[in-house]
Amino acid sequence: MSAPEITDARPVETATQGAAGHPRPWLRVLLAWGVAGLALGAYLFAFVVGPVDFALSLRLPTAGAILVAAFTQALATVLFHTVTDNRILTPSIMGFDALFVLLQTVLVTLFGGLVLTDLEGIPMLLAQTAAMVLFALLLYRWLFSGTFANLHVLLLVGVVIGMAFRSASTFLERLLHPTDYDLLSVELFGRITDVDPRHLPLAFVVCLVAGVCAWRRRYTLDVLLLGREAALGIGVEHRREMTVALVLIAVLVSFSTALVGPLTFFGFVIATLAYQLTGTHRHAAVVPMATALGVIALAGGQFLLQHVFYAAGFLTTIIEFVGGLCFLVVLLRRRNL
């Protein structure tokens, strides 16, 4: 007798650490979004010199990039932790960042550094995103349709391919003219302050579609945390849901990387803090909390960097440095990953 079809999969409380009606996670999420709103408002309206309209025209694209980066990295990282059942991994292990770097390096090698400015626009953004999503889909199809289809094999192949991409990029970078290399280096860092405003409407559409898809599957995603056997016993089509989650991860990480550049440890930091602050595994609470923490980190950090310390440079470089340290601390403190 086949297992009954799942309609509203609500996992047992021992797996999600808290009752569905418990108000504390939601109060914490609302509090976090209140702080995020204050941080974003401070960045937009504080220390305005001159016409407000002119200041907002410069700051609004950055605010939009902050929202997109926080949401895509939060949702992608939490989903990746769910499908891998491991909170120490990040989507970058699949080689998305390395593929983005390789694509940019090949373009500069073939056509020179000015190609990065000549080809800017939505077509270039879509082409980069499509290339990374196509790479992910081919990898998933090849591994999940094989005799030894296994998520651990998928992760191992992703690590190996990522190393190969980085090695190829390093080799090509050594062949570049110094001027071309300088132009390329700027593109290889996360850049929330240098986003084309024309890209933001499309970015919000992608975030909306991905968010609705994940929200409709929130209870099923909670069930996946119970493990493959338990999910199958409840009636979840485990492989299909895993594939859908991996495709969402590929789209979110690819679009985020193409829009604002590589962010290796940012998603890991905000997701790890979200688990601790919400006190639950439920995706309906963890993802909004992680997104709010991402907005706080990016908007608050940009406000301090730009208006308090008057420092120049990329905020994401500092976040990645701190995130790397946090990653090492978590790795050393946790025996069971």
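Quantities reported herein were computed from a predicted structural model and do not represent experimental measurements.

What counts, and where the lines are drawn
Residues numbered from 1 in each chain as written. Predicted model: local features only at pLDDT ≥ 70, side-chain atom pairs only at ≥ 80, totals over all residues. Heavy atoms only, no water. Helix = DSSP H or I, 4+ residues; strand = E, 2+ residues; numbered from the N terminus. Buried < 20%, exposed > 50% of the residue type's maximum accessible area, 1.4 Å probe, protein only. Areas by Shrake-Rupley, 256 points an atom, 1.4 Å probe, with all protein chains shown as cover. Salt bridge = Lys/Arg side-chain N within 4 Å of Asp/Glu carboxyl O. Patch = residues over 30% accessible without salt bridge, like charges linked within 9 Å, V, L, I, M, F, W, Y side chains within 5 Å. Phe/Tyr/Trp six-rings, centres within 6.5 Å; stacked < 30°, edge-to-face > 60°. Lys NZ or Arg CZ within 6 Å of the ring centre and 35° of its normal.

Visitor: Talk me through the overall build of the protein; I want residue IDs and the actual numbers.
Guide: Along the backbone of the protein there are 15 helices and zero strands. Expressed as a percentage of the 337 residues in the protein, the buried residues total 51%. Surface exposure of the protein reaches about 16,800 Å², of which carbon and sulfur atoms provide 69%.

Visitor: Break down the pattern of salt bridges for me, with residues and values.
Guide: Considering all chains together, one arrives at five salt bridges under this definition. Of the charged contacts, one joins Arg-282 and Asp-222 as a salt bridge, the two residues approaching to 3.7 Å between their closest N and O atoms. Of this pair, Arg-282 sits in the loop between helix 13 (266-278) and helix 14 (283-308) while Asp-222 sits in helix 10 (residues 218-224), placing them 60 residues apart in sequence. For the residue pair Arg-282 and Asp-222, the accessibility class agrees, reading buried in each case. By sharing partners, the salt bridges in this structure join Arg-217, Glu-237, Arg-240 and Glu-241 into a single network.

Visitor: Just give me the short version of unusual backbone geometry, but keep the residues and values in it.
Guide: A positive phi angle, close to 55°, is found at Phe-47, a residue other than glycine. Its place among the elements puts Phe-47 in the loop between helix 2 (23-45) and helix 3 (52-84).

Visitor: An account of a nonpolar patch on the surface is needed here, citing residue identities and associated values.
Guide: Taken together, the side chains of Ile-318, Phe-321, Val-322, Leu-325, Leu-328 and Leu-331 make up a nonpolar region of the molecular surface, amounting to roughly 540 Å² of accessible area. As for its position among the elements, Leu-331 is in helix 15 (residues 315-333). By relative accessible area, Leu-331 is classed as partly exposed at 35%.

Visitor: Go over the packing of aromatic side chains with me, naming the residues and quoting the values.
Guide: Here the structure, examined in full by the defined rule, presents one aromatic pair. Across the ring face of Tyr-275, the terminal group of Arg-87 is positioned such that the distance to the ring centre comes to 3.7 Å. A cation over a ring is seen here: Arg-218 above Trp-215, with NZ or CZ 4.0 Å from the ring centre.

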